[in-house]
Amino acid sequence: MAPGVRAGLGTDSLNPDRFFDSDPAIRSVARALYEETRALPIVSPHGHVDARLLAENAPFPEPTSLIVQPDHYILRLLYANGVQLDALLNGDPRHVWQVFAEHYYLFRGTPTGAWLDHELHEVFGVRERLSADTAARVYDAIRERLQSPEFRPRALFERFNIEVLATTDAASDMLEHHCAIRESGWKGRVIPTFRPDALFRIASRGWAGALDALGRADGEPVRDYLGFVRALADRRAYFKSLGATATDHAVLEPYTGALEGEEAERLFHQACQGEVTPADERRFTAHLLMEMARLSLEDGLTMQIHPGSLRDHNRLVSERFGPDRGGDIPVATEFTRNLRPLLNAYGNDPRLTLVVFTLDESTYSRELAPLAGHYPAMRLGPPWWFFDSMEGMRRFREQTTETAGIYKTAGFNDDTRAFCSIPARHDLARRIDANYLAGLVARHVIDENDARPMARALAYDLAKQTYHL
Ligand SMILES: [Zn+2]
């Protein structure tokens, strides 16, 4: 095989044309478009990196706790292939790395494999295939690099060319790490995102604790529904004072609807007594989403709705290892009827930005593109979780562009907990979008003069606009 030709997963080199179409007419345009977006700064308006990393700026201790253990994409596929989670999460780091390397072949053909290849090669300069035989050597090489100043979190943030990084934070979070970053004088822009989900789940065991925490954060206990909404508004203002530009709401279904009269107050008091059902919670959440849209119109925070994930599907795993361990599975989702009350109340106002995500790909062309292609307030969130993949991103563009155009989409979100995977994820998205546009150019749907600003919009401008960054 010729030098420079990609030889498979974990290879010692990355093919410069990776993920582009094999048709030379498309590939050459894709290459040119990608070349124009490749070096643009990274705008990361939605993710789950811990702000503490950048506040403390301590060296990462070793490769396993940096690359393997925080990445639920990696953990779930290892677990699905029979590797014990306990061993992965609690084992000796060097041994866990060996197990990871022995199972690296499992990621062939997956975006996780593409991200890992990029990360090992571009971020850590690894120039040999990761395998059982090379595991120890690669581990030592990365560990050594992590000790040097260039691999401290802030240095990597700068090298990754991150213009802004948003974290995701609970409503009662005091955001001390965000404060510390600001006070440190370091110029990196790390902003919080207001995610009050725990307060919406009035039928869950954790609700009373979340309500107490909200009261403590706000300075006085929350005693009634009006006080509850006031406290939420106060917390939004606090987040905004530390740079937040968005809220995020994970719900099982995007059901919205205002409660009549005293109903919200009544449900709130019942919840305080521990006397609410899941059906009550569903109505209360629907009402709170309306309230969040109303508050977004007032304070200008972009509102994100992330429906359609059945959390903790695997009882055994979630009871033993807690949330985010790969037991979250998509469910079919209905948007057209569920979002109608919210869109009728607020969707005609272009001052509101509502970003709607889905884990149900069948809704792209049937529901989401028509809704975003009509309501001024609504935008389509990028494909996420199982679908920010090579084929997933292509399907999204193919099924939404003709109805909504690209300018009612939100650019790319990396949505990652794995800090060092950020550049890999953005690079893959830029390649896929460049390739999609190149296909349109090759068929003369658009020409290259159209495609160039479109590629830039997808890689950079749309995320900035959508999230007011
Ligand atoms: Zn997320």
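Draft legend 1. Fine view of the coordination of the zinc ion. Only H46 (NE2), H48 (NE2) and D415 (OD) from the protein coordinate the zinc ion, and they sit 2.1 Å from it. Taken in sequence order, the residues that donate to the zinc ion follow the motif H-x1-H-x366-D. Taken as a pair, H46 in the loop between strand 1 (42-44) and helix 2 (51-56) and D415 in the loop between helix 19 (390-404) and helix 20 (422-442) lie far apart in primary sequence, 369 residues in all.

Draft legend 2. Main features of the packing of helix 7 (residues 111-123) against helix 20. Following both chains from N to C, one finds helix 7 and helix 20 inclined at 120°, their axes separated by 8 Å at the closest point. Between helix 7 and helix 20, the crossing angle belongs to the class labelled oblique. The crossing of helix 7 and helix 20 is right-handed. The segment helix 7 lies against helix 20, with P111, W115, H118, E119 and V123 engaging P423, A424, R425, D427 and L428. Each residue belonging to the contact of helix 7 with helix 20 can be placed in one class, and the counts come to six nonpolar, one polar and three charged.

Draft legend 3. Examining the packing of aromatic side chains more closely. Scanning all chains against the criterion turns up 22 aromatic pairs. An angle of 65° between the planes, with centres 5.2 Å apart, marks the rings of W97 and F100 as edge-to-face. You can see W97 and its partner F100 sitting in helix 6 (residues 93-102), three residues apart, about one turn around the helix. By the burial criterion, W97 is buried, and F100 matches it. One aromatic cluster is present, formed by W97, F100, Y104, F107 and Y139 through successive ring pairs. In this arrangement the basic side chain of R425 is found over the ring face of Y73, its NZ or CZ atom lying 4.8 Å from the centre.

Draft legend 4. Spotlight on the pattern of salt bridges. Per the stated rule, a full pass over the model turns up 30 salt bridges. Its salt-bridge partner being R31, residue D17 comes within 2.7 Å of it at the nearest N-O pair. Here the residue D17 occupies a position in the segment before helix 1 (24-37), and R31 occupies one in helix 1, the gap between them amounting to 14 residues. Note that R431 and D427 form a salt bridge whose closest N and O atoms lie 2.9 Å from each other. Residue R431 and its partner D427 are located together in helix 20, separated by four residues, close to a single helical turn. Like R431, the residue D427 is buried in the burial classification. Ionic contacts of the salt-bridge type, sharing partners, join the residues R195, D197, R201 and D248 into one network.

Draft legend 5. Local environment of the environment of S204. Structurally, the position occupied by S204 is in the loop between helix 11 (197-200) and helix 12 (207-218). Judged by relative accessible area, which is 31%, S204 ranks as partly exposed. Remark: the alpha-carbon pair of S204 and T277, spanning 73 residues in sequence, is separated by 9.2 Å.

Draft legend 6. Quick peek at the side chain of T400. Within the secondary structure, T400 sits in helix 19. Within the local environment of T400, its side chain forms a polar contact with the backbone oxygen of F396, the two atoms lying 2.8 Å apart. Not counting residues up to four positions away in its chain, the partners in contact with T400 are Y364, A369, L380 and G405.

Draft legend 7. Region of the structure containing the sheet that holds strand 2 (residues 162-166). With respect to topology, three strands assemble into an open sheet ordered 1-2-4, the strand pairing being parallel. Only two strands of the sheet have a single neighbouring strand rather than two, namely strand 1 and strand 4 (190-191). Sheet analysis places strand 1 next to strand 2, joined by three bridges and oriented parallel. Its bridge partner being in strand 2, I42 is matched across the sheet by I162.

Draft legend 8. Representation of helix 19. The end-to-end C-alpha separation of helix 19 is 21 Å, in line with the 21 Å expected for 15 residues at 1.5 Å each. Buried residues of helix 19: M390, G392, M393, F396, R397, T400, T401 and A404, and no others. Each element contacted by the buried residues of helix 19 is listed here: helix 7, helix 18 (363-372), strand 11 (378-380), helix 20 and helix 21 (448-466). Positioned one or two residues after helix 19, G405 has a phi angle of 70°, which is positive.

Each value, and the rule that gives it
Numbering of residues begins from 1 in every chain and follows the order in which that chain's sequence is written. Given that this is a predicted model, residues contribute local features only at a pLDDT of at least 70 and side-chain atom pairs are listed and counted only at 80 or more, while totals for whole chains, interfaces and linings are drawn from all residues. The basis for every side-chain value is the complete set of non-hydrogen atoms in the structure, without hydrogens or water. Sites may look incomplete because water is not among the atoms; the donors themselves are N, O and S atoms within 2.8 Å of the metal, or within 3.2 Å for Na, K and Ca. A run of H or I in DSSP becomes a helix once it reaches four residues, and a run of E becomes a strand once it reaches two; helices and strands are each numbered from the N terminus. For helices, the axis comes from a line fit to the C-alpha atoms of the stretch in contact; other axes are also lines fit to C-alpha atoms, and the angle between any two N-to-C directions lies between 0 and 180 degrees. When describing relative orientation, an angle under 35 degrees is termed roughly parallel and one over 145 degrees roughly antiparallel, while 65 to 115 degrees is termed roughly perpendicular and anything else oblique. By definition, any crossing whose near helix is turned counterclockwise from its far helix by less than a right angle is left-handed, and any crossing with a clockwise turn is right-handed. The contact definition used throughout considers only heavy atoms, calling two residues in contact when any of these lie within 4.5 Å. Basically, the charged four are Asp, Glu, Lys and Arg, the nonpolar ten are Ala, Val, Leu, Ile, Met, Phe, Trp, Tyr, Cys and Pro, and anything else, Gly included, counts as polar. Aromatic contacts are taken between Phe, Tyr and Trp rings whose centres are within 6.5 Å, Trp giving its six-membered ring; a plane angle under 30 degrees counts as stacked, one over 60 as edge-to-face, and the others as tilted. Relative accessible area decides the class of each residue, using a 1.4 Å probe on protein chains only: under 20% of the type maximum gives buried, over 50% gives exposed, and in between gives partly exposed. For a lysine, the NZ atom is tested; for an arginine, the CZ atom; a charge sits over a ring if that atom is within 6 Å of the ring centre and within 35 degrees of the ring normal. Whenever Lys or Arg places a side-chain nitrogen within 4 Å of a carboxyl oxygen from Asp or Glu, that contact is recorded as a salt bridge. Think of a polar contact as two N or O atoms within 3.5 Å of one another; within protein, one of them needs to be a possible hydrogen donor and the other a possible acceptor, and neighboring residues in sequence only count if both atoms come from side chains. Only strands that DSSP links by at least two bridges are regarded as paired with each other. In this scheme, a helix's expected span is set at 1.5 Å multiplied by one less than its residue total.

Geometric descriptors of this kind do not, in isolation, establish any biological role.
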